[in-house]
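# An overview of the molecular structure
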Amino acid sequence: MKWFTCVVGLLLCVPAYADDSDFKAWPTFDRIRVGAAVFFPNLETQVSASDRQGLAGTNIVFERDLGLADSKSTALAFLEWRVFKRHALGLNYFKLDRSGSQVSDIVINFDGQQFSTTSPIQAFFDITAVELNYRYSILLDARKDWYVGVGLAAQELGFGLQGRAAVSPGTVVSENVRATAPLPTLATGFKYAVSEKWLLSANVGYFAVDLDLDDNENFDGSVWNSSIGVRWQAFEHLAFDLAYTDFRVDVDYEKRDLLANIDYEYRGPALGLSVNF
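As the structure is a computational prediction, the values presented were derived from the model and not from experiment.

## Details of the overall build of the protein
When helices and strands are tallied, the protein shows two helices and 14 strands. Referenced to the eigenvectors of the C-alpha coordinate spread, the extents of the protein come out at roughly 75 × 35 × 35 Å. Considering the protein as a whole, with its 277 residues, one finds that 41% of them fall into the buried category. Counting only contacts in the protein whose residues sit at least 6 apart along the sequence, the fraction spanning at least 24 positions is 66%. Distance between charge centroids for the protein: 9 Å, based on 24 positive and 35 negative side chains.

Okay, structure coming up:
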C-alpha cells in the first residue's frame, strides 16, 4: 500500500490550473453528461437449479454445456447530472440476451427435471440492469475528483432450458426461472485530468445483500463491478471514451420449492462517446 499512498500524495500536490471560482470550466466537472458505448465482454455463466423434493441441480456452464456464445457485443447507456458542485446523480442501463442450442455431454438436472443427452437442449439467459446512484466528491479541483457513492440497481434475470426428458425421450420438458430484485451498491472512484482534453478514471463498487422479497421468495447475493478508462474531449461538447469493465454477480435465489444459484461474470472493453453540457 506504500506505493498507493505515494501516488495519491503526489496527485494531491499537483496545483490546480484554474481558480476555484471557475469550477464549471474544469475538465473534472460536467453539469450534464449523456453517453452510450458498445461493450465487448467475455462471458461466463454458471447456474444450478434444484427442486427441494427432487434431484440436486447440476452446475451448468451455459457457454460450455448449452452452446451460448462466450462473447457478444451489447450496448451500455448512462446519464450523469451534477446537481451541485460536489453532488451528482447517475443512471446506468445494461441489457444482454443470449440463447443457444446444443446436445449436452453431461446429464443435466434442472429444477427437478433430467434432460436427455441425445437431443439438443435449447437454453437462454437474459439480464437487464438499471442502476440509479448518488456520488459525493470528497476531493474536487481542476485536476482531481475523488468521490464515494451509493446506488440501487434493479437486476432482472431470466434463464431456462427446453429439451427431451431423459427417462422419456418422447416427452418435451421446459423449465425457466425469472427474478427481479433491487441490489444496493457502494462505490468509490477517482478521476484525474492529464490535460483539458484527457481524463483518466477508475471506479470500484461492491455490495452483498440478503432480501426476503416475500414469504416464499428470498434473494441472497453479492455484486462486484470495477472499471478503468480514459476520455478524450475531442470537441467542446463531444468526447470519446475507452474503458475496461469487470462485472460479477453471485446470487442464491429461493422461491417456493426452487433453490437456484446464479454466478456470472462479464468483463471486457467498452468503446463509446458522450455529450456534455
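## Remarks on empty space enclosed by the protein
Tallying each qualifying case throughout the model produces two cavities of 30 Å³ or more. The space that makes up the largest cavity amounts to roughly 1200 Å³. Along its surface, the largest cavity is lined by 48 residues, and F78, N92, N203, S227 and T245 are the ones closest to its centre. When its volume is computed, the second largest cavity comes out at roughly 60 Å³. Lining of the second largest cavity is provided by T28, D30, E80, W81, R82, A88, R135 and K191. Top element by residues in the lining of the second largest cavity is strand β4 (residues 74-82). It accounts for three residues.

## Observations concerning the layout of surface pockets
In this structure, the second largest pocket encloses a volume near 420 Å³. Residue lining of the second largest pocket: 21 residues in total, with A25, W26, P27, E236 and N276 positioned closest to the centre. When grouped by side-chain class, the residues that make up the lining of the second largest pocket number nine nonpolar, four polar and eight charged.

## Quick notes on the packing of aromatic side chains
Aromatic ring pairs are described here by two measures, namely the spacing of the ring centres and the angle between the planes. Under the counting rule described, the total for this entry stands at 14 aromatic pairs. Taking 5.8 Å as the distance between ring centres and 20° as the angle between the ring planes, the aromatic pair formed by F125 and F159 counts as stacked. Taken together, the positions of F125 in strand β8 (residues 121-140) and F159 in strand β9 (residues 144-164) put the pair 34 residues apart, joining distant regions of the chain. Through pairs of rings, three or more aromatic residues link up here, namely F39, F62, F94, F110, F125, F159, F247, Y264 and Y266. The ring of Y147 is capped by R135, whose NZ or CZ atom sits 4.9 Å from the centre of that ring.

## Quick notes on the nonpolar core
Grouped together as the largest cluster of nonpolar side chains are 41 residues, with contacts concentrated most on F62, L161 and Y266. Of all the elements, strand β14 (residues 258-276) adds the most residues to this core, at six residues. With five residues, the next largest nonpolar core counts W26, F29, L140 and A142 among its residues.

## Thoughts on the side chain of D141
Tracing the sequence through the fold places D141 in the loop between β8 and β9. Side-chain polar atoms of D141 contact the backbone nitrogen of R143, separated by 2.8 Å.

Calculation notes
Residues numbered from 1 in each chain as written. Predicted model: local features only at pLDDT ≥ 70, side-chain atom pairs only at ≥ 80, totals over all residues. Heavy atoms only, no water. Helix = DSSP H or I, 4+ residues; strand = E, 2+ residues; numbered from the N terminus. Buried < 20%, exposed > 50% of the residue type's maximum accessible area, 1.4 Å probe, protein only. Contact = heavy atoms within 4.5 Å. Lys, Arg positive; Asp, Glu negative; His and termini not counted. Charge placed at Lys NZ, Arg CZ, Asp CG, Glu CD. 1 Å grid on protein atoms, 1.4 Å probe; cavity = no way out; pocket = protein on both sides within 12 Å on 5 of 7 lines; lining within 4 Å. Points joined across faces, edges and corners; volume = space filled by probe spheres on them. Nonpolar A, V, L, I, M, F, W, Y, C, P; charged D, E, K, R; others polar. Phe/Tyr/Trp six-rings, centres within 6.5 Å; stacked < 30°, edge-to-face > 60°. Lys NZ or Arg CZ within 6 Å of the ring centre and 35° of its normal. Core = buried A, V, L, I, M, F, W, Y, C linked by side-chain atoms within 4.5 Å. Polar contact = N/O pair within 3.5 Å; in protein donor to acceptor, adjacent residues only side chain to side chain.

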